[in-house]
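Analysis of the macromolecular model
This is what each chain is made of:
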Amino acid sequence: MREIYLDNSATTPVDEKVREAMMEALGCYGNPSSLHSKGLEGERMVHAARKQVAKALGAKEQEIYFTSGGTEANNTLVLGAALAKRRQGNRIVTTAIEHASVLESVKFLEEQGFECIYVPPERDGNIDPGKVLDAVDGKTVLLSTMLVNNETGAVLPVGEIVREAKRKAPGMLVHCDAVQAFGKLPVKVNTLGVDLLTVTAHKIYGPKGVGAFYKARQARILPLLHGGEQQDKLRPGTENTAGIAAFGEACRLAGERREADLAHAAKLNACLRELLRGLSSVEINSPEDALPYILNLSGNRARSEIMLHFLEQRGIYVSSGSACAKGEGSHVLKAMGLPDRQRDTALRISFGRQNTEEDCAEFVKALREGLETLRY
């Protein structure tokens, strides 16, 4: 049975060149903090990767910090920024469609006495910049908004929001979760105007367990971890040298292939949308102007998990939403105001370099069979 993997927003296959870089780095067993030559060898690998990540983001090397992934980076930046600014104000503004690692961090801060505003999306999944700006006031210390939604592919107008928001609250910090955008769109910190930004390796054909955050030099955050001198004490602990080296290589390749990858995803997205027009019960949940890597749809006849396993038996792998939700209902589609049946039957299709138009046709063929066989 031929495997058709259409869950690339959950994670991507590791690129062969990235794998080679990681295997080479595994041969360097020195601790990057050690003062001898073996430690220096590891430090050089970490430094080279930091340079690659910084180049990809248009940032300075000293503004890049490595973590275990996007969730740790989001927690570090959201919690660290809010707690550092606590004496200046108590309002936090975010959107209702953020990744759980942002939303749960904000909810924790709400329990600590912060006033937290969750701006809802429009019916099509997009965010109205005006509603975000209305929520920002002089007491706002943190604004956190993703660049691309991980369930629908909606592209948020971060640059526009940030420019206007900083006029209303010049002292606040702005955080952007760019995990789903990095490597797919040109993500440059100065263009976006953000102070803090999150990226991760496994969404761009790198390994799991390594991510990074950007922190502007003038931005102050409090560390969540303590007990080491590494990375300016903001993220102490021995660096994952091999994972970091692989992340650097993934960044390099993503930069080289970004335009070709985007064109490929757009071609597949258009193909799938056209094929789905032949299925009368199917509704598209992604906005028309969404990032083409993601297409969220509802079959309206079979629950997501049942359909997911039906497709899996035919070698087709999709998801019902964010992998971090592990089968729970989508908070994104709920915030969009979609009816229960539409939410309960939603599937997320996400494209990668390896996918083809034949994959789209095989998926629609299997989906049609499932819609005719399964019941809600």
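**Side note on the state of the cysteines**
Under the definition given, this model contains zero disulfides. Free cysteine Cys 271: the closest other cysteine sulfur is in Cys 360, separated by 4.5 Å.

**Some details on the sheet that holds strand β2 (residues 64–67)**
Taken in spatial order, the seven strands line up as β2-β8-β7-β6-β5-β3-β4 in an open sheet, and their pairing is mixed. Both outer strands of the open sheet, β2 and β4 (115–119), are each paired with one neighbouring strand and no more. Strand-to-strand twist of the sheet, defined as the mean angle between neighbouring strand axes without regard to direction, takes the value 20°. In this sheet, strand β5 (residues 140–144) lies alongside strand β3 (residues 91–95) in parallel orientation, the contact comprising four bridges. From the neighbouring strand, Arg 91 faces β5, where its bridge partner is Thr 140. Strands in contact with helix α3 (residues 70–84) are β2, β3, β5, β6 (173–177), β7 (196–200) and β8 (211–215); relative to β7, the strand with the most contacts, it is inclined by about 170°.

**Topic: the nonpolar core**
Counting 82 residues, the largest nonpolar core has Leu 57, Ile 92, Val 187, Val 194, Leu 197 and Phe 247 as the members making the most contacts within it. Top element by residues in this core is helix α8 (residues 241–276). It accounts for seven residues. Beyond its immediate sequence surroundings of up to four residues, Leu 197 is in contact with Leu 57, Leu 77, His 175, Cys 176, Ala 178, Val 187, Val 189, Leu 192, Ala 212, Phe 213 and Tyr 214. Ile 4, Leu 295, Phe 351 and Cys 360 belong to the second-largest nonpolar core, a separate cluster that totals 26 residues.

**Quick notes on the pairing of β4**
As defined by bridge partners, β3 adjoins β4 across five bridges and the pair is classed as parallel. Residue Thr 94 lies in a different strand from β4, and its bridge partner there is Tyr 118. One crossover worth recording links β3 to the parallel β4 by way of helix α4 (residues 100–111), and it is right-handed.

**Observations concerning the sheet that holds strand β12 (residues 346–350)**
The strand order across the open sheet formed by three strands is β9-β10-β12, and the pairing between neighbours is antiparallel. Sheet topology places β9 (283–284) and β12 at the edges, where each strand pairs with a single neighbour. Here two bridges tie β9 to strand β10 (residues 294–298), and the two strands are oriented antiparallel to one another. Its bridge partner lying in β10, Glu 283 is registered against Ser 298.

Cut-offs and rules
- Residues numbered from 1 in each chain as written.
- Predicted model: local features only at pLDDT ≥ 70, side-chain atom pairs only at ≥ 80, totals over all residues.
- Heavy atoms only, no water.
- Disulfide = S-S within 2.5 Å.
- Pairing = 2+ DSSP bridges.
- Helix = DSSP H or I, 4+ residues; strand = E, 2+ residues; numbered from the N terminus.
- Axes fitted to C-alpha atoms, helices over the stretch in contact; angles between N-to-C directions.
- Contact = heavy atoms within 4.5 Å.
- Core = buried A, V, L, I, M, F, W, Y, C linked by side-chain atoms within 4.5 Å.
- Buried < 20%, exposed > 50% of the residue type's maximum accessible area, 1.4 Å probe, protein only.
- Right-handed = clockwise from strand over helix to strand, strands pointing away.

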